[in-house]
Amino acid sequence: MPNASSWSATSPLLLLWEDSSGTRIFLSLLYAVLAISGTLSNVMVIYLVFSFKKLQTTSNAFIVNGCAADLGVCALWMPQEAVLGLLPPNSSSLRSAEYRLLRGGLLGLGLTVSLASHLLVAFNRYVLITKLPSVYQVLYQRRRTGCMIALSWALALLLLPLLPGLWAPGFAQQPPPRHGEAGPGYPALLLALAVLGQTALLLHCYLGIVRRVRGSAKRVSVLNFHLLHQLPFPAAPPPPRRAQRRLSSVSVLLLCCAFLLATQPLVWVSLLGFFLRPAPPALQAASWLLLCALSALNPLLYTWRSEEFRR
């Protein structure tokens, strides 16, 4: 009978061998709820954008790209985890290395493209607000926008065969390898550093937007672009300028806080497991669940302040 540490490295839900059936059922139900809600919300956003020409903007193209990636996580990966959590620990499905690799590939592909789409949306809005309209029009021509989207998928596909353990839950809680010895700790470290770098760029873009909006509401108002509807501005009739700046800043900061809450626990748990000691399995499971839950929450984060999506 394998020990607890070996089970936690291969379990899809990061459960220990001794965990009760009640815990497994609870996590399976949680995955099922996230799968259903995430699938419906992502499909709805994709349907709306493709159905209404008014929503077919450059910013929404990146949002749809993220929804397509999140749909892979919510509709393909999460249902499998929900079912596997109800199987007995000695099930052959849980022990199959090929099947675990397939699940890890689905999760890695979806989350990599999703995180890249977050960054593409943030950079798109940053250029829209802080640069001249001519710069925006040149940078976001249709062909270049398509190349950015294709590049996000190409990067994800490139990482999967090179680092098969990068998105495997449980790697971060393994002890770091000894000197000169390769081990699963390095993919966990790379995962943490990649998410940290992506988060730093995303925060730079959104905080730059906040500074510009707070500093000059007139600068934003003269950009008579349809893409401004994708920013968290209140719908017409607009409130006074000072209230508009305050609402815009709060909306952007709330989006950043939600992203940080979902991504940073896994980052620091991974760093803790690599440099110091493995994190408790419950903390490891919670950090992965938060990151995966972001795939179900992304449509809400990007459309809740859009009057056109609400209509």
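Taking an unreviewed UniProt entry as the reference, the chain is identified by name as GPR88 protein belonging to Centropus unirufus. Listed in UniProt under the heading Subcellular location (unreviewed entry), the comment for the chain reads: "Membrane".

## Looking at the pattern of salt bridges
The tally for this structure, following the rule as stated, stands at one salt bridge. Glutamate 81 is the salt-bridge partner of arginine 103, the closest N and O atoms lying 2.8 Å from each other. Taken together, the residues span a long stretch of sequence, with arginine 103 in helix α5 (residues 97–130) and glutamate 81 in helix α3 (residues 58–84) at a distance of 22 residues. Judged by its relative accessible area of 4%, arginine 103 is buried.

## Quick look at the nonpolar core
Counting residues in hydrophobic clusters, the biggest one holds 60 residues, and the most contacted among them are Trp77, Met78, Leu107, Tyr206, Trp288 and Tyr302. Those elements giving two or more residues to this core turn out to be α2 (21–51), α3, α5, α8 (185–215), α10 (241–275) and α11 (281–303).

## Observations concerning a nonpolar patch on the surface
On the surface, Ile25, Leu29 and Leu86 cluster together into a nonpolar patch covering about 300 Å² of accessible area. We classify isoleucine 25 as partly exposed; its relative accessible area is 41%.

## A word on the environment of isoleucine 25
With respect to the element layout, isoleucine 25 can be found in helix α2. For isoleucine 25 and alanine 82, which are 57 residues apart along the polypeptide, the C-alpha to C-alpha distance reads 8.5 Å.

## Here's the deal with the side chain of threonine 57
Here threonine 57 is to be found in the loop between α2 and α3. With relative accessibility at 13%, the residue threonine 57 sits in the buried group. Here the side chain of threonine 57 touches asparagine 60 through a polar contact of 3.3 Å, landing on its backbone nitrogen.

## Topic: the packing of α2 against α3
Running from N to C, α2 and α3 point in directions that differ by 150°, and their axes come no closer than 8 Å. Between α2 and α3, the crossing angle belongs to the class labelled roughly antiparallel. At the point where α2 passes α3, the crossing takes the left-handed sense. Here the contact of α2 with α3 is built from residues that sort into 20 nonpolar, five polar and two charged.

So, how was this worked out
- Residues numbered from 1 in each chain as written.
- Predicted model: local features only at pLDDT ≥ 70, side-chain atom pairs only at ≥ 80, totals over all residues.
- Heavy atoms only, no water.
- UniProt positions renumbered as here; feature names shortened; annotations may be inferred.
- Salt bridge = Lys/Arg side-chain N within 4 Å of Asp/Glu carboxyl O.
- Helix = DSSP H or I, 4+ residues; strand = E, 2+ residues; numbered from the N terminus.
- Buried < 20%, exposed > 50% of the residue type's maximum accessible area, 1.4 Å probe, protein only.
- Core = buried A, V, L, I, M, F, W, Y, C linked by side-chain atoms within 4.5 Å.
- Patch = residues over 30% accessible without salt bridge, like charges linked within 9 Å, V, L, I, M, F, W, Y side chains within 5 Å.
- Areas by Shrake-Rupley, 256 points an atom, 1.4 Å probe, with all protein chains shown as cover.
- Polar contact = N/O pair within 3.5 Å; in protein donor to acceptor, adjacent residues only side chain to side chain.
- Axes fitted to C-alpha atoms, helices over the stretch in contact; angles between N-to-C directions.
- Parallel < 35°, antiparallel > 145°, perpendicular 65-115°, else oblique.
- Left-handed = near helix turned anticlockwise from the far one by under 90°.
- Nonpolar A, V, L, I, M, F, W, Y, C, P; charged D, E, K, R; others polar.

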